[in-house]
Amino acid sequence: GRAPPYRLSTSLRLIPRPPATVIGNAERHTKKRNMSPPAKKRRFAPGGGAPAAPPPSSDDLAARHAGTVKSLREDVAALLSSTSGGGDGSAEADGRLASSVLNLATLKSLQRLLAHASSSRSDASRSRREEAEERSLVLEAAVYERRHLRGEIDAASGWRADGLAGMAWSELGIERT
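Heads up: these notes are all about the structure in this document. (Residues numbered from 1 in each chain as written. Predicted model: local features only at pLDDT ≥ 70, side-chain atom pairs only at ≥ 80, totals over all residues. Heavy atoms only, no water.)

A tally of helices and strands in the protein yields four helices and two strands. What you see in the protein, going N to C, is helices and strands ordered as β-β-α-α-α-α. The buried share of the protein, reckoned over its 177 residues, is 8%. Across the protein, contacts joining residues at least 24 apart in sequence account for 43% of those joining residues at least 6 apart. (Helix = DSSP H or I, 4+ residues; strand = E, 2+ residues; numbered from the N terminus. Buried < 20%, exposed > 50% of the residue type's maximum accessible area, 1.4 Å probe, protein only. Contact = heavy atoms within 4.5 Å.)

The next point concerns the side chain of aspartate 75. Positionally, aspartate 75 belongs in helix 2 (residues 58-84). At 2.8 Å, the side chain of aspartate 75 forms a polar contact with the side chain of arginine 96. Within the structure, aspartate 75 has its side chain in polar contact with the side chain of serine 99 (distance 2.6 Å). Once residues within four sequence positions are removed from consideration, aspartate 75 is found in contact with Arg96, Ser99, Ser100 and Asn103. (Polar contact = N/O pair within 3.5 Å; in protein donor to acceptor, adjacent residues only side chain to side chain.)

By the definition in use, this model includes three salt bridges. Aspartate 75 is paired through a salt bridge with arginine 96; the nearest N and O atoms lie 2.8 Å apart. Residue aspartate 75 is found in helix 2, and its partner arginine 96 is found in helix 3 (residues 91-157); the two are separated by 21 residues along the sequence. Since its relative accessible area comes to 4%, aspartate 75 is described here as buried. Arginine 135 is the partner of glutamate 131 in a salt bridge, and the nearest nitrogen-oxygen pair spans 2.9 Å. A residue pair is termed a helical-turn pair when its members lie 3 or 4 positions apart in one helix, as glutamate 131 and arginine 135 do in helix 3 at four residues. What makes glutamate 131 partly exposed here is its relative accessible area of 39%. (Salt bridge = Lys/Arg side-chain N within 4 Å of Asp/Glu carboxyl O.)

The next thing to look at is a nonpolar patch on the surface. On the surface, Trp159, Leu164 and Met167 cluster together into a nonpolar patch covering about 360 Å² of accessible area. Relative to the elements of secondary structure, tryptophan 159 occurs in the loop between helix 3 and helix 4 (162-172). (Patch = residues over 30% accessible without salt bridge, like charges linked within 9 Å, V, L, I, M, F, W, Y side chains within 5 Å. Areas by Shrake-Rupley, 256 points an atom, 1.4 Å probe, with all protein chains shown as cover.)

Since the α-helix turns once every 3.6 residues, residues separated by three or four places project in the same direction. Here helix 3 spans 97 Å end to end across 67 residues, near enough to the 99 Å set by a 1.5 Å rise per residue. When we look at burial in helix 3, the residues that qualify are Ala93, Ser100, Asn103, Leu107, Leu110 and Ala117. (Expected span 1.5 Å × (residues − 1).)

Okay, here's the thing in structure tokens:
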């Protein structure tokens, strides 16, 4: 059947439905598909279900970045020399152009990875620094407590209980010799 003319909201109020439009099955399917949220990105390598390999180190990324920049410069220099020499759009120039576009995309990706690695390293060093500061404060408090207790022990070690010992002997009724 037909949908009721009203629907319930989360606050249990009746909300009028918008007027229905007549659309075909293909359009209904398309509209429904477009309304769904985008698919979540996979965090696993395709096919195996195993976690992806750990990201490369900053040194590896920097080396790849330098190699890509060098390759991009060579492509641009070759393109400039071919256009200044009256190049006619040969296959080699097209290949160099495609290579330079690919190198630019690779550079963008590498710079993003380097920025992520840098921020990850920064976060890790910040957490280690905070942990070291916390341990330093705990150690400082322990040293202060030890110094305070040593002072109390030293003060108490000089105290003589001669008067108390005499009172105890007299209460027991024993003569002290």
